[in-house]
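Inside the fold
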Amino acid sequence: MQSQKQPIVERRHEAPEQSIWWSKLSLAQKFSASSLGKFGYELAFVRHENGKSLAVLLCNGGVAVISEDGDINTSPDINIR
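These numbers were taken from a predicted model, which means no experiment stands behind them. (Residues numbered from 1 in each chain as written. Predicted model: local features only at pLDDT ≥ 70, side-chain atom pairs only at ≥ 80, totals over all residues. Heavy atoms only, no water.)

1. Some thoughts on the sheet that holds strand β1 (residues 42–49)
The strand order across the open sheet formed by four strands is β1-β2-β3-β4, and the pairing between neighbours is antiparallel. With one partner strand each, in any of the chains shown, β1 and β4 (72–73) form the two edges of the open sheet. Bridging between strand β3 (residues 62–66) and β4 involves two bridges; their strand directions are antiparallel. Paired with V65 across the strands is N73, a residue of β4. (Pairing = 2+ DSSP bridges. Helix = DSSP H or I, 4+ residues; strand = E, 2+ residues; numbered from the N terminus.)

Encoded structure:
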């Protein structure tokens, strides 16, 4: 009996904006964001100020930021509108 191959179905539903933001991160920020992703944080956006980038991640109402050097701050003084 011949088996039929089922087509591969993509099950990941990543927002297209997230991949755009991901490409704007430094290598250090990508490593830190990956480690926070294990705790449910998701990259929301990247802010550029004074020639530096700051990655902002959200998780269940919580906010974390990652500096350009990859330093994580889970209690940032930042207002999200």
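And the narrative resumes.
2. Focus on the pairing of β1
The pairing of β1 with strand β2 (residues 52–59) spans seven bridges and is classified as antiparallel. Looking at the pairing, E49 lines up with K52 of β2. The turn joining β1 and β2, which pair antiparallel and follow one another in sequence, is formed by two residues; a positive phi near 55° is taken by N50.

3. Regarding the nonpolar core
The biggest cluster of nonpolar side chains holds 11 residues, and these are L25, A33, L36, Y41, L43, V46, A55, L57, C59, A64 and I66. For this core, the leading source of residues is β2, giving three residues. Those residues in contact with A33 that lie beyond four places of it in its chain are W22, L25, L57 and I66. (Core = buried A, V, L, I, M, F, W, Y, C linked by side-chain atoms within 4.5 Å. Buried < 20%, exposed > 50% of the residue type's maximum accessible area, 1.4 Å probe, protein only. Contact = heavy atoms within 4.5 Å.)

4. Let's talk about the pairing of β3
Among the five residues that make up β3, four are buried, leaving the element largely enclosed by the rest of the structure. As paired strands, β2 and β3 are joined by five bridges and run antiparallel to one another. Across the sheet, A55 pairs through a bridge with I66, a residue of β3.

5. Some words on the side chain of S32
By secondary structure assignment, the location of S32 is in helix α2 (residues 27–37). Looking at S32, the relative accessible area reads 10%, which means it is buried. Once residues lying within four places of it in the same chain are set aside, the contact partners of S32 are I66, G70 and I72.

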